[in-house]
Amino acid sequence: MAGNQVEHVSELGKYITIADSKVTWEQTIKKSRFIVNMARVSNEEEAKNFIDTINVEHRKATHNVWAYMLGDRNEVQRYSDNGEPAGTAGVPMLEVLKNNAIRDIAVVVTRYFGGIKLGAGGLVRAYAGTVVGGVEATGLIERIQRHEVNLKVSYSQYEPLAYWLTQHDHEILATDYTTDVTIKVAIADEDMASFKDAVVDELAGQVEIVVGDIDWFEVPYKKRVSAKTETLK
């Protein structure tokens with residue numbers, strides 16, 4: 001599977017990806033059907049297998065254009081125009097992923113030609129816009145590396161603690177009601193000391209804090225998806 005590579009770097013310890021593991025979305029532009037299939041992937045083998053699966057599913061399509069981006073530093077970025085004019089299909093698809101910092105994802109846009117040519121600019125907008133439409137349909141999440149922190153308090157302290165967490169933009173991941181109440185949050189390692197001090201101060205010491213190992217957590221990412229591509233500049 002041939003393809004080109006583009007360099008880009010993202011921040012370690014967190015990244016953005018699609019909310020669902022797999023997504024299908026389509027639109028019709030001047031009688032051509034554009035169908036996007038996208039999937040979360042963790043390595044090139046998974047990306048290639050996904051692309052091969054879509055190629056088989058849509059083997060009668062005019063084009064199956066693909067792109068994928070993955071790696072801790074987005075070091076793997078590949079695309080193919082699959083017969084469309086060079087730079088009008090795979091490149092703008094990859095640019096949408098890059099410009100929105102969407103990682104660990106493979107995308108295939110299938111085109112069934114409807115008889116009306118779109119021109120180079122029209123193709124760029126169609127392929128980029130179809131990827132954006134698919135991303136908007138599923139939404140985005142941010143995967144972040146954080147410590148799981150359990151805050152155990154009495155029932156009388158629960159509401160003040162929950163309110164304080166919300167006011168300070170700490171998402172409550174889970175709440176367990178037993179003889180006491182335990183609230184689970186995710187805290188970055190570099191913020192741990194100040195977070196613990198603030199919670200203890202807020203509750204006058206009436207809290208038990210248990211810090212777990214670092215793990216990946218998923219939180220909603222609500223930034224608007226951009227269809228901007230370098231190709232259209």
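Up top is the structure these notes are about.
Anyway, here's the lowdown on the structure attached to this text. Being a predicted model, the structure only gives us computed values, none of them experimental.

About the thresholds
- Residues numbered from 1 in each chain as written.
- Predicted model: local features only at pLDDT ≥ 70, side-chain atom pairs only at ≥ 80, totals over all residues.
- Heavy atoms only, no water.
- Helix = DSSP H or I, 4+ residues; strand = E, 2+ residues; numbered from the N terminus.
- Rg over C-alpha atoms; globule rule 2.2 N^0.38 Å.
- Contact = heavy atoms within 4.5 Å.
- 1 Å grid on protein atoms, 1.4 Å probe; cavity = no way out; pocket = protein on both sides within 12 Å on 5 of 7 lines; lining within 4 Å.
- Points joined across faces, edges and corners; volume = space filled by probe spheres on them.
- Salt bridge = Lys/Arg side-chain N within 4 Å of Asp/Glu carboxyl O.
- Buried < 20%, exposed > 50% of the residue type's maximum accessible area, 1.4 Å probe, protein only.
- Axes fitted to C-alpha atoms, helices over the stretch in contact; angles between N-to-C directions.
- Parallel < 35°, antiparallel > 145°, perpendicular 65-115°, else oblique.
- Left-handed = near helix turned anticlockwise from the far one by under 90°.
- Nonpolar A, V, L, I, M, F, W, Y, C, P; charged D, E, K, R; others polar.

## Regarding the overall build of the protein chain
When helices and strands are tallied, the protein chain shows 5 helices and 11 strands. For 233 residues, the compact-globule estimate of 2.2 N^0.38 gives 17 Å, and the protein chain exceeds it by more than 25% at 22 Å. Judged by the C-alpha coordinates and their principal axes, the protein chain covers about 70 × 35 × 30 Å. Partitioning the intrachain contacts of the protein chain with sequence separation of at least 6 by distance along the chain shows that 73% fall at a separation of at least 24.

## Overview of the layout of surface pockets
Space left empty within the atom packing is revealed by a probe, the size of a water molecule, rolled over the atoms. Reported here for the largest pocket is a volume of approximately 220 Å³. Considering the residues around the largest pocket, the lining is formed by Ile-144, Arg-146, Asp-169, His-170, Glu-171, Leu-173, Val-185, Ala-186, Ile-187, Ala-188, Asp-191 and Val-219. Elements with a contribution of two residues or more to the lining of the largest pocket: strand 8 (140–153) and strand 10 (181–187). Considering every element that reaches the lining of the largest pocket, the biggest residue donor is strand 10, with 3 residues.

## Let's talk about the pattern of salt bridges
Overall, the coordinates contain 8 salt bridges when judged by the stated rule. We note a salt bridge from Glu-218 to Arg-143, for which the minimum N-O separation is 3.3 Å. Placement of the pair is Glu-218 in strand 11 (residues 208–221) and Arg-143 in strand 8, with a sequence separation of 75 residues. Between Lys-184 and Glu-148 there is a salt bridge, and its shortest N-O distance comes to 3.7 Å. Highlighted residues: Lys-184 in strand 10 and Glu-148 in strand 8, separated in sequence by 36 residues. Under the relative-accessibility criterion, Lys-184 is labelled partly exposed at 25%. Overall, the relative accessible area of 27% leaves Glu-148 in the partly exposed class. Where salt bridges share partners, they join Arg-40, Arg-143 and Glu-218 into one cluster.

## Section: the packing of helix 4 (residues 155–167) against helix 5 (residues 192–202)
Two measures define how a pair of helices packs: the angle their axes make with one another and the distance between the axes. Relative to each other, helix 4 and helix 5 sit at 140°, their axes nearing to 11 Å. As judged from the angle between their axes, helix 4 and helix 5 are oblique. Both helix 4 and helix 5 take part in a crossing whose hand is right-handed. Residues Leu-161, Trp-164 and Leu-165 of helix 4 pack against Phe-195, Ala-198, Val-199 and Glu-202 of helix 5. Classifying every residue of the contact of helix 4 with helix 5 by side-chain character gives 6 nonpolar, no polar and 1 charged.

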